[in-house]
Amino acid sequence: MLTSVAVGRRLTQRALVWQAVAIAVTAVAFLAKDGAWALAAVLGGAAIAIGGWLSSVIALGGGVNPSAGALARLLAGMALKWVVVVAVLLLGTGMAGLPPVPMLAGVVVALFAQLLAMARPPAGS
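Worth saying up front: this structure is predicted, and the values here are computed from it rather than measured.

### Quick look at the confidence of the model for the protein chain
Alright, step 1. A residue-level look at the protein chain finds 93% of positions with pLDDT of 70 or above and a mean pLDDT of 90.
Alright, step 2. Mean pLDDT across the elements of the protein chain bottoms out in helix α1 (residues 5-31) (91) and peaks in helix α4 (residues 100-119) (95).

### Quick word on the side chain of Ser56
Alright, step 1. Tracing the backbone shows Ser56 in helix α2 (residues 35-60).
Alright, step 2. With relative accessibility at 13%, the residue Ser56 sits in the buried group.
Alright, step 3. Side-chain polar atoms of Ser56 contact the backbone oxygen of Trp53, separated by 2.8 Å.
Alright, step 4. The contacts of Ser56, once residues within four sequence positions are left out, are Thr12 and Gly61.

### As for α1
Alright, step 1. Across its 27 residues, α1 extends 38 Å between first and last C-alpha, which sits within 8% of the 39 Å expected from 1.5 Å per residue.
Alright, step 2. Turning to α1, its buried residues are Val7, Gly8, Leu11, Thr12, Arg14, Ala15, Gln19, Ala22, Ile23, Thr26, Ala27 and Phe30.
Alright, step 3. In the core, the buried residues of α1 are packed alongside α2 and α4.

### Focus on the packing of aromatic side chains
Alright, step 1. Under the criterion given, the structure shown has one aromatic pair.
Alright, step 2. Ring geometry for Phe30 and Trp37: centres 5.9 Å apart, planes at 45°, overall tilted.
Alright, step 3. Taking relative accessible area as the criterion, Phe30 reaches 18% and is therefore assigned buried.
Alright, step 4. Overall, Trp37 belongs to the partly exposed group, its relative accessible area being 22%.
Alright, step 5. We note Lys33 situated over the ring of Trp37; from NZ or CZ to the ring centre the distance is 5.2 Å.

### Here's the deal with the nonpolar core
Alright, step 1. Among the nonpolar cores identified, the biggest contains 10 residues, and these are Ile23, Ala40, Ala47, Ile48, Val85, Leu89, Leu98, Met103, Val107 and Ala110.
Alright, step 2. When residues of this core are traced back to their parent elements, those giving at least two are α2, α3 (67-95) and α4.
Alright, step 3. Apart from residues lying up to four places away in sequence, Ile48 is in contact with Gln19, Lys81, Trp82, Val85, Val107, Ala110, Leu111 and Gln114.

Criteria and thresholds
- Residues numbered from 1 in each chain as written.
- Predicted model: local features only at pLDDT ≥ 70, side-chain atom pairs only at ≥ 80, totals over all residues.
- Heavy atoms only, no water.
- pLDDT = per-residue confidence, 0-100.
- Helix = DSSP H or I, 4+ residues; strand = E, 2+ residues; numbered from the N terminus.
- Buried < 20%, exposed > 50% of the residue type's maximum accessible area, 1.4 Å probe, protein only.
- Polar contact = N/O pair within 3.5 Å; in protein donor to acceptor, adjacent residues only side chain to side chain.
- Contact = heavy atoms within 4.5 Å.
- Expected span 1.5 Å × (residues − 1).
- Phe/Tyr/Trp six-rings, centres within 6.5 Å; stacked < 30°, edge-to-face > 60°.
- Lys NZ or Arg CZ within 6 Å of the ring centre and 35° of its normal.
- Core = buried A, V, L, I, M, F, W, Y, C linked by side-chain atoms within 4.5 Å.

And the structure:
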């Protein structure tokens, strides 16, 4: 079955909502430890969510192209996503001095939320 660009955009939106909820719950859990831990968890999860959104904008943009063009957009989107994630993690731990454990927990939670959101079939299919 072929998936249209509109379905891909809906999946991206759903994943962002799921990630936001999961990141918020994780931040509240880390708030019991310290405010810096909660901020680190939010920053790590937000890096994944924003990187995923940028990846979808690049991968799903450009309309209908030959397969080489579509593959190039997909690879460029994924590369940009991970550049954003690594940059945010390095800046968060290096320059801001945030603890790395909750930041990585935020990354893992956001990736798991994305996995769950994308695993369900899209509404209307």
